[in-house]
Amino acid sequence: MAEITIDGIAKSFGATRALEQIDLTVADGEFVALLGPSGCGKTTLLRIIAGLESATSGRIVIGGRDLTEVPTRRRGLAMVFQNYAVFPHMNVYENVAFGLRMQGADEARIKARVGKATELLHITPYLDRYPAKLSGGQRQRVAVARALAVEPPVLLMDEPLSNLDALLRLEMRAELKAVLREARTTTIYVTHDQTEAMGLADRIAVMHGGRIEQIDRPTAVYERPATTFVGGFVGSPPMNFLPVTIANSRLELPGASLPAPQASGALLMGIRAEDLTPVADGEGLPFDIAVVEPLGAHDLVTGRSGQTLLRVAAPAGSGHKPGTRIGLKPDPKRLVWMDPASGRAIQAQ
Amino acid sequence: MKRTQSRALPYLLLAPSLVFLTAIFLLPLVQTIALSFSESGVASLGNYRRMVSDLNFGLALRNTFLLVLVVVPIQLALALGMSVMIEKIGRGRDLVLWVWTIPLGVSDLAAGLVWLAILQDRGYLNSALYGLGLIEGPTAWLTYETPGTLFLGVVLAEIWRATAIVLVILVAGLQLIPKEYREAAEVFGARPWTIFRRITLPLLKPSIQTALILRTVLAFEVFAVVYAIGGTNFPVLVGEAYTWQNANQNTGVAAAYAMLIVVISLAATAIYLRVLRVPAEQQP
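Because the structure is a prediction, the values reported are computed rather than measured.

About the criteria used
Residues numbered from 1 in each chain as written. Chains lettered and ligands numbered in written order. Predicted model: local features only at pLDDT ≥ 70, side-chain atom pairs only at ≥ 80, totals over all residues. Heavy atoms only, no water. pLDDT = per-residue confidence, 0-100. Pairing = 2+ DSSP bridges. Helix = DSSP H or I, 4+ residues; strand = E, 2+ residues; numbered from the N terminus. Buried < 20%, exposed > 50% of the residue type's maximum accessible area, 1.4 Å probe, protein only. Axes fitted to C-alpha atoms, helices over the stretch in contact; angles between N-to-C directions. Contact = heavy atoms within 4.5 Å. Patch = residues over 30% accessible without salt bridge, like charges linked within 9 Å, V, L, I, M, F, W, Y side chains within 5 Å. Areas by Shrake-Rupley, 256 points an atom, 1.4 Å probe, with all protein chains shown as cover. Salt bridge = Lys/Arg side-chain N within 4 Å of Asp/Glu carboxyl O. Buried area = accessible area lost by both parts, 1.4 Å probe. Polar contact = N/O pair within 3.5 Å; in protein donor to acceptor, adjacent residues only side chain to side chain. Nonpolar A, V, L, I, M, F, W, Y, C, P; charged D, E, K, R; others polar.

Participant: Describe in detail the confidence of the model for chain B, supporting the description with residues and values.
Facilitator: Do not read the fine detail of predicted coordinates wherever pLDDT is low. On average, residues of chain B score 91 in pLDDT, and 98% of them reach the 70 mark or higher. Scored as a complex, the prediction yields pTM 0.84 and ipTM 0.86.

This is the structure we're talking about:
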């Protein structure tokens, strides 16, 4: 239906640079999540795609059509807003029908499309109700149904689940994934919640300071972060980064010798909490346990190795005690090496 | 002990304002009602009969309604346009709003005198028209022989003087509407006019209701501007009450006029409350 090309989009608000030269291509039918902390520019980028904000430079091309100068209403997009923006003075039917009415669709077509969209989102029993009589989750469904009813080539979603409580969010996430897979709409989804991005997206674009730090499949972003920022932002707990010194292209640890991507010098060794295996003291990295948090699925053990704070996901009920010292063995296949100066990953030779 | 104290507290705090309102509003109202229905201490409808049979009564009633029906819709339309324009302004918004609301700070009599200075025989308007060669000398616009232009003058002055209060209420109301509603409508293909008609206007209804009630009630009480511009050439209801009270020294008929104005204002308010009602379920 529509491929999206974001070509060198930059945005300044006065002297502040909100977006620096963003290049991004979203394939037809693909689901891309823009993930980043607040103020990283992800919502600004989404609003520029929608035409609600104008870019300082660059082009937006959707389905081969340059939309940079095209007003929002003629871009043919659909959007789900953070606070839903479901019209309070229209009932559910009229809300879902709104986009179709604007397109001048006839009553029969409106009825069919509204029926299909509301059925997909399980809100058919509420067609006559006004939004004030709906729960947050139901309003959210109305907002999504309104967007899908126009069968848009591109769907933009701005933190659509962030106003829901945790359990409902989990439920809606799974449902949204199923619904969007069926609709096969090219989707750009803005979120600051990394589990949401991981769970929903085909690819994640991690944004920071107005740039895309990395764009890749969720597992790749998780396992092979391109920068220390990505490693720290994606995943909970964040990735551990341990400063190490390399000699003879290897990192020597007590009882372990790991190959390093450069001959000598200082590097940051990045490793996920679950890729550190607790072993007896004297083996691997020395680790002084400070806090043990039993989280059910595993125990989150926080402590220090030398000066560096590390978090380790130990098997549940492993009985680690604060104030004791153990050893940690990193899984050599799951290491990432970062340049300490630039914070960027070094490609293994 | 503490419990009773805290339960009584709201009423204690409200008491001064209740006493105040009873003393200067409720008592005079009751007194006015009593006055209007009595003649030399005897209950009677005489005051109302005198009011209705007075020569100026029909004229005053007609003029007042005419003014309200012409002025209030124009003011609403103007204020809607102005408030939407103000919303679009980025820099200098406060300055524009400030300038537009200057007439609010001018007393209605002063406003009437300003327009008298413009519209009278040797006023600014005639000087300008004379300068342009459109009239040959001082021309009267505000006499009983020129009811059209007199009415127009009063309408102009009222619009200039009192549109700002509608504007202020609507600007405040517009700010309460989250911009996402308009953005959502825009994304789904609505044109600016459609957004205004189908989104902004319905969501602004509570503010429109407030502004209309306030403005209409005040418009029925129009007096000082009319008096300054037209004197007795353009009788209105409050003006008649004033004449009966002061010139004719007849408090009873003046009270009857006052009651008529109260009833008309209450009726107008009731109509607005009903027509512009937003059902609870449709409130945001």
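Once the structure has been displayed, the description carries forward.
Participant: Go over the pairing of strand β19 (residues 325-330) of chain A, please, and point to the residues and values.
Facilitator: Residues and elements named next belong to chain A. Pairing between strand β15 (residues 276-279) and β19: four bridges, direction antiparallel. Its bridge partner being in β19, L276 is matched across the sheet by P330. Summarising the sheet, strand β16 (residues 285-294) and β19 pair through four bridges and their orientation is antiparallel. The residue of β19 that forms the bridge with L285 is L328.

Participant: Now, about the pairing of strand β11 (residues 240-246) of chain A: what can you tell me, with residues and values included?
Facilitator: Residue and element names in this part refer to chain A. Counting buried positions over the seven residues of β11 gives five, a clear majority of the element. In the sheet, β11 pairs with strand β14 (residues 265-271) via seven bridges, with the strands oriented antiparallel. Bridge pairing in β14 places T245 opposite A266.

Participant: Report on the sheet that holds β14 of chain A, specifying residues and quantitative values.
Facilitator: All names here are of chain A. Here three strands make up an open sheet; going across it, the order is β11-β14-β20 and the pairing antiparallel. Here the strands that pair on one side only, and so sit at the sheet edges, are β11 and β20 (336-338). The sheet shows a mean angle of 35 degrees between the axes of neighbouring strands, taken without regard to direction.

Participant: Go over the environment of T143 of chain B with me, naming the residues and quoting the values.
Facilitator: Residue and element names in this part refer to chain B. The residue T143 is located in the loop between α6 (124-131) and α7 (147-176) in this model. Along the backbone, T143 and V30 are 113 residues apart, and their C-alpha atoms lie at a distance of 38 Å. Other than its neighbours up to four places away in sequence, T143 contacts L150 and N233.

Participant: Give a detailed account of unusual backbone geometry, specifying residues and quantitative values.
Facilitator: The omega torsion of the bond from S236 of chain A to P237 of chain A falls at 5 degrees, within 30 degrees of zero and hence cis. Despite not being glycine, S40 of chain B shows a phi value in the positive range, around 40 degrees. Tracing the backbone shows S40 of chain B in the loop between β1 (38-39) and β2 (42-43). Of note, Q249 of chain B is a non-glycine position whose phi angle comes to about 55 degrees, a positive value. Relative to the assigned elements, Q249 of chain B resides in the loop between α12 (237-246) and α13 (251-275).

Participant: Explain a nonpolar patch on the surface to me, using residue names and the numbers behind them.
Facilitator: Together, F20, L21, I24, F25, L26 and V30 of chain B make up an exposed nonpolar region whose accessible area comes to about 620 Å². By the secondary structure assignment, L21 of chain B is in helix α1 (residues 2-36).

Participant: Provide a residue-level description of the interface of chain B and chain A, including the pertinent values.
Facilitator: Each partner contributes residues to the interface: chain B has 23 residues there, and chain A has 26 residues. Across the chain B/chain A interface, buried area totals approximately 2,300 Å², and carbon plus sulfur atoms make up 67% of it. Per-residue buried area on chain B facing chain A is highest for V187, F188 and R198 of chain B; these three make up 33% of the total on that side. Taken together, chain B and chain A are joined by one salt bridge. The salt bridge partner of R47 of chain A is E183 of chain B, with a shortest N-O separation of 2.6 Å. Our enumeration of links across chain B and chain A arrives at three residue pairs in polar contact (both at pLDDT 80 or more). Only α8 (179-187) and α9 (192-203) of chain B provide two or more residues apiece to the side of chain B that touches chain A. Among the elements that take part in the side of chain B that touches chain A, α8 of chain B stands out by supplying eight residues, more than any other. Among the residues forming the side of chain B that touches chain A, the class breakdown is twelve nonpolar, four polar and seven charged.

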